[in-house]
Amino acid sequence: MTEKKRIVSGMRPTGALHLGNLHGALQNWINMQPDYDCFFFIADWHALTSDYENPGNIKKYTRNMMIDWLAAGLDPEKSVLFVQSRIREHAELFLLLSMITPVPWLERNPTYKEQIDALQNKDLSTFGFLGYPVLQAADIIIYKAEGVPVGIDQAPHIELTREIARRFNHLYGRVFPEPDTILTEISKILGTDRRKMSKSYSNAIFLSDSPEQIRKKVSQMITDPQRIKRTDPGDPSVCNVFTFHQLYSPTDLVAQVDPDCRSAKIGCVECKKKMAEHLVAYLSPIRDKIEYYKNHTDQVEQVMAEGSDKARQVAAKTLAEVRDAVRI
Ligand code: SF4
């Protein structure tokens, strides 16, 4: 039997998951479960790097994120699902890696300056924020991950992780494999206003939204901007509603909407209503499971505790090797 390749990836607990998160990361993770040795964690310490002034929601968001994960299809029988802050070994490895990571490597990180510019309302001139790629490296290599599934925007961080692992191995002897970047497909769906779907833009459809909320949000979606009047022909290739149809509606409906839109046979109101019902049906089993876990939080706690125990055993073993290598 060939051993499965180990992968590690995490998500910051920043609130309820939306369709962009589902199609951008979570669905990929779910699909990888049968073929990989999967470690998935909720990065609550990472949430602190930017939200250290208001940490009050992180615990609640962590539990809700695990609920969303379980409801969407991550399976604790197939993957190790855990919470970063429960594995103190990450912090010790972060400290040791911070000794060997040159500051210019962190300053040249492309997302560092971008984030500082984007989050002007927060003071991010902290050691923790500059150093979060080092914590990320510790999160990954402590499990001797061979691959990290990430979106293209995170690829430079994985490159930095590889450089840090290489530097450690060079200084102290080989302990860590250099993990490969496994690029995940970028979600094509946009928010209801055609910008990137994001909680902070108030344009997101959440996995936990009720049918009424979904119908209302869909009714407000921006369609083909050139289609002003009902009699104007539309172009499905530039319409976000059509992208949703392609994901959630049956193929015969998708095949029908395309020519009907181009010939103005169908109006946007009717088109959205049809799509909304398929989206409601798609999310219905996920929403039911979210409700179930919200009423059985003891089971969610158990998943987090057992997953964290499994992760800790692996992390502790690596850290023993690390201490030997560093001779400390
Ligand atoms: Fe988009 Fe449908 Fe309107 Fe065409 S008819 S522009 S696909 S919402």
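Criteria and thresholds
Every chain's residues receive numbers from 1 upward, in the order its sequence appears when written. Local features in this predicted model are restricted to residues of pLDDT 70 or higher, and side-chain atom pairs are both shown and tallied only at a pLDDT of 80 or more, whereas totals for entire chains, interfaces and linings draw on every residue. Water and hydrogen atoms play no part in the side-chain values, which are based on all heavy atoms of the structure. By definition, any uninterrupted DSSP run of H or I lasting at least four residues is a helix, any uninterrupted run of E lasting at least two residues is a strand, and each is numbered from the N terminus. Accessibility here uses a 1.4 Å probe with only protein chains present; expressed as a share of the type maximum, an area under 20% marks a residue as buried, one over 50% as exposed, and anything in between as partly exposed. The criterion for an aromatic pair is that two Phe, Tyr or Trp rings (for Trp, the six-membered ring) have centres within 6.5 Å, with stacked assigned to planes under 30 degrees apart, edge-to-face to planes over 60 apart and tilted to the rest. Note that domain bounds follow an automatic or database assignment of domains. Residue contacts follow a heavy-atom distance rule, with two residues in contact if any of their heavy atoms lie within 4.5 Å. Put simply, buried area is the surface a 1.4 Å probe can reach on two separate parts but cannot reach once they are joined, added for both. Salt bridge, as used here, is a side-chain nitrogen of Lys or Arg placed within 4 Å of a carboxyl oxygen of Asp or Glu. For this analysis, a polar contact is any N or O atom pair within 3.5 Å, provided that within protein one partner can donate a hydrogen and the other can accept it, and provided that sequence-adjacent residues contribute only side-chain to side-chain pairs. Amino acids outside the nonpolar list (Ala, Val, Leu, Ile, Met, Phe, Trp, Tyr, Cys, Pro) and the charged list (Asp, Glu, Lys, Arg) are all regarded as polar, and Gly is one of them. Patch membership requires more than 30% relative accessible area and the absence of a salt bridge. Residues of like charge join within 9 Å; the nonpolar side chains Val, Leu, Ile, Met, Phe, Trp and Tyr join within 5 Å. Accessibility throughout is a Shrake-Rupley quantity obtained with a 1.4 Å probe, and a residue counts as covered only by protein chains that appear here. When we say a residue is near a molecule or strand, we mean one of its heavy atoms is within 4 Å of it. Grouping buried Ala, Val, Leu, Ile, Met, Phe, Trp, Tyr and Cys residues that are joined through side-chain atoms within 4.5 Å yields what is termed a nonpolar core.

**Section: unusual backbone geometry**
Peptide bonds are mostly trans, and most non-glycine residues show a negative phi.
Okay, step 1: Phi is positive for Lys144, which is not a glycine, with a value near 50°.
Okay, step 2: Relative to the assigned elements, Lys144 resides in the loop between helix H8 (132–141) and strand S4 (147–150).
Okay, step 3: Residue class for Lys144 comes out partly exposed when judged on its relative accessible area of 26%.
Okay, step 4: Despite not being glycine, Arg327 has its phi angle at roughly 60°, a positive value.

**Examining the packing of aromatic side chains**
For any pair of aromatic rings, the description rests on two quantities: the centre-to-centre distance and the angle between the ring planes.
Okay, step 1: According to the stated counting rule, one finds 12 aromatic pairs in the structure shown.
Okay, step 2: Linked through ring pairs, Phe39, Phe41, Phe82 and Tyr143 together constitute an aromatic cluster.

**So, the domain arrangement of the protein chain**
Okay, step 1: For the protein chain, the assigned domains read domain 1 (5–189 + 297–326) and domain 2 (209–291).
Okay, step 2: Distance between the C-alpha centres of domain 1 and domain 2: 35 Å.
Okay, step 3: Each side of the interface is counted separately: domain 1 has 10 residues, and domain 2 has 11 residues.
Okay, step 4: Sorting the residues of domain 1 by area buried against domain 2 places Leu19, Ala71 and Ile189 first, and these three jointly supply 56% of that buried surface.
Okay, step 5: Remark: the boundary between domain 1 and domain 2 carries zero salt bridges.
Okay, step 6: Summed over the shared surface of domain 1 and domain 2, the number is one residue pair in polar contact (both at pLDDT 80 or more).
Okay, step 7: Those elements that provide at least two residues to the side of domain 1 that touches domain 2 are helix H1 (19–32) and helix H3 (58–72).
Okay, step 8: Of the residues assigned to the side of domain 1 that touches domain 2, the class counts are six nonpolar, two polar and two charged.

**As for a nonpolar patch on the surface**
Okay, step 1: Nonpolar side chains collect at one region of the surface, where Ile152, Leu183 and Ile186 lie side by side and expose about 310 Å² of accessible area between them.
Okay, step 2: Mapped onto the secondary structure, Ile152 falls in the loop between S4 and helix H9 (155–172).

**Concerning the site of the ligand**
Okay, step 1: Close contacts around the ligand come from Thr223, Asp224, Arg227, Cys239, Val241, Phe242, Cys261, Ile266, Cys268 and Cys271, and that covers them all.
Okay, step 2: Listed by contribution, the elements that provide at least two residues to the shell around the ligand are helix H11 (240–248) and helix H13 (268–294).
Okay, step 3: Here the shell around the ligand is built from residues that sort into seven nonpolar, one polar and two charged.

**Regarding the nonpolar core**
Okay, step 1: Counting residues in hydrophobic clusters, the biggest one holds 54 residues, and the most contacted among them are Leu19, Leu26, Met66, Trp69, Phe244 and Leu279.
Okay, step 2: Of the domains in this structure, domain 1 (5–189 + 297–326) and domain 2 (209–291) are the two that each give at least three residues to this core.
Okay, step 3: The contacts of Leu26, once residues within four sequence positions are left out, are Met11, Leu17, Asn21, Asp68, Trp69, Ala72 and Leu74.
Okay, step 4: Core analysis: the next-biggest nonpolar cluster, separate from the first, contains 43 residues, Phe41, Leu135, Ile142 and Ile164 among them.

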